[in-house]
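Here are the chains, one letter per residue:
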Amino acid sequence: MIRETFPVGLLGCNTTILGDETSREAIVVDPGYEIPRILAALARHQLTVKQIVITHAHIDHIASAQTLKQITGAPILYNKADLPLVAIMDTQAAWFGLEAPTVLPPDHSPADSERITVKGIDAEVLHTPGHTQGSLCLYLPAEKLLLAGDTLFAGGIGRTDLPGGNDAQIIASIEDRLLPLPAETIVVPGHGPDTTIAREAATNPFLT
Ligand SMILES: [Zn+2]
């Protein structure tokens, strides 16, 4: 599998491209900003976007989803429990002094444990509320890879002081859904460097 992760925009949201080497089909996760750079990476790998997945509806993760959909025709998937955050996109933009992007309801709201697939790639949705009510992680068992959004970071967890955030819930999501994954699973957080489940289970100060 092809995987490319790079930070985009002022807030450094990690965008990840997952591509199958045979079918050339791809999933783009969290296309927050820098569409030209995302399109260049897709072209370099000769990939066609079939699914656009948003880990949660914070502006830095979702801002350019609609633009990418218009260009590629791929549907946008995120959990509808984040629609209250979409409704305050103007406020979210004001928090960071950004322009409010056009954000629409999802084409599909994936359920917990639902599989999101393109030819050659099979990802499982883990609903992990706490950073936001709709927060989801994508787990690729064949790759032992977790795209964690803003639920789990290297040495940290997502903030819970924004609307829809809940302290106890994010800890429960991590402990119940993420820590049971294979220890060697590579974790790609929504911001910052990669880590592993083993490392976070052993050293993350927010997890006991
Ligand atoms: Zn966030």
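Everything numeric here is computed off the predicted structure, so don't read it as measured data.

**Quick look at the overall build of the protein**
Along the backbone of the protein there are seven helices and 13 strands. Here the C-alpha radius of gyration of the protein, 16 Å, is about what a compact globule of 208 residues would show, namely 17 Å. With the principal axes as the frame, the protein shows a C-alpha extent of 45 × 40 × 30 Å. For the protein, restricting intrachain contacts to residue pairs at least 6 apart in sequence, the fraction spanning at least 24 positions comes to 59%. Taken as a whole, the protein presents about 8600 Å² of accessible surface, with 54% of it coming from carbon and sulfur. Positive and negative charge centroids in the protein, built from 13 and 24 side chains respectively, lie 6 Å apart.

**Focus on the pattern of salt bridges**
In the structure shown here, the tally under the stated rule is nine salt bridges. A salt bridge links Arg44 to Glu4; the nearest nitrogen and oxygen atoms lie 2.7 Å apart. Here Arg44 is found in helix H1 (residues 35-44), whereas its partner Glu4 is found in strand S1 (residues 2-8), with 40 residues between them in sequence. Here Asp161 ties to Arg159 by a salt bridge, and the two come within 2.8 Å at their closest N and O atoms. The exposed category is assigned to Asp161, whose relative accessible area is 56%.

**Comments concerning the coordination of the zinc ion**
Protein coordination at the zinc ion: the donors are His56 (NE2), His58 (ND1), His131 (NE2) and Asp150 (OD), at 2.1 to 2.4 Å from the metal. Coordination at the zinc ion is irregular: its four donor atoms span angles of 85 to 172 degrees at the metal. Mapping the donors of the zinc ion onto the primary sequence yields the spacing H-x1-H-x72-H-x18-D. Taken together, the residues span a long stretch of sequence, with His56 in the loop between strand S4 (48-53) and helix H2 (59-62) and His131 in the loop between strand S7 (121-127) and strand S8 (136-140) at a distance of 75 residues. When its relative accessible area of 1% is taken as the criterion, His56 is described as buried. For His131, a relative accessible area of 3% gives the class buried.

**Brief notes about the packing of aromatic side chains**
Scanning the entire structure with this criterion turns up one aromatic pair. Seen from their ring centres, Trp95 and Phe96 are 6.2 Å apart, and the 90 degrees between their planes marks the pair as edge-to-face. Given the relative accessible area of 33%, Phe96 is considered partly exposed.

**What to know about the sheet that holds S4**
Taken in spatial order, the five strands make up an open sheet running S1-S2-S3-S4-S5, and their pairing is mixed. Two strands bound the open sheet, and with one partner strand each, they are S1 and strand S5 (76-77). Bridging between strand S3 (residues 25-29) and S4 involves five bridges; their strand directions are parallel. Note that in S4 the partner of Ala26 across the bridge is Val49. Against the sheet, H1 makes contact with S1, strand S2 (13-19), S3 and S4, and its axis sits at roughly 165 degrees relative to S1, the strand it touches most. Of the strands in this sheet, S3, S4 and S5 touch helix H3 (residues 65-72), which is tilted by about 150 degrees from S4.

**Considerations on H1**
Taken together, the buried positions of H1 are Ile35, Ile38, Ala41 and Leu42. Mapping the buried residues of H1 onto a view down its axis gives an arc of 125 degrees, with all of them on the same face. H1 presents Pro36, Ala43 and Arg44 as exposed residues on the side facing more than 90 degrees away from its buried surface. In this fold, the buried residues of H1 make contact with S1, S2, S3, S4 and H3. A positive phi of about 55 degrees marks Gln46, the residue just after H1.

What counts, and at which threshold
- Residues numbered from 1 in each chain as written.
- Predicted model: local features only at pLDDT ≥ 70, side-chain atom pairs only at ≥ 80, totals over all residues.
- Heavy atoms only, no water.
- Helix = DSSP H or I, 4+ residues; strand = E, 2+ residues; numbered from the N terminus.
- Rg over C-alpha atoms; globule rule 2.2 N^0.38 Å.
- Contact = heavy atoms within 4.5 Å.
- Areas by Shrake-Rupley, 256 points an atom, 1.4 Å probe, with all protein chains shown as cover.
- Lys, Arg positive; Asp, Glu negative; His and termini not counted.
- Charge placed at Lys NZ, Arg CZ, Asp CG, Glu CD.
- Salt bridge = Lys/Arg side-chain N within 4 Å of Asp/Glu carboxyl O.
- Buried < 20%, exposed > 50% of the residue type's maximum accessible area, 1.4 Å probe, protein only.
- Donors = N, O, S within 2.8 Å, 3.2 Å for Na, K, Ca; no water.
- Tetrahedral: all angles 85-135°; square planar, octahedral: opposite > 155°, others 65-115°.
- Phe/Tyr/Trp six-rings, centres within 6.5 Å; stacked < 30°, edge-to-face > 60°.
- Pairing = 2+ DSSP bridges.
- Axes fitted to C-alpha atoms, helices over the stretch in contact; angles between N-to-C directions.
- Arc of directions from axis to C-beta.

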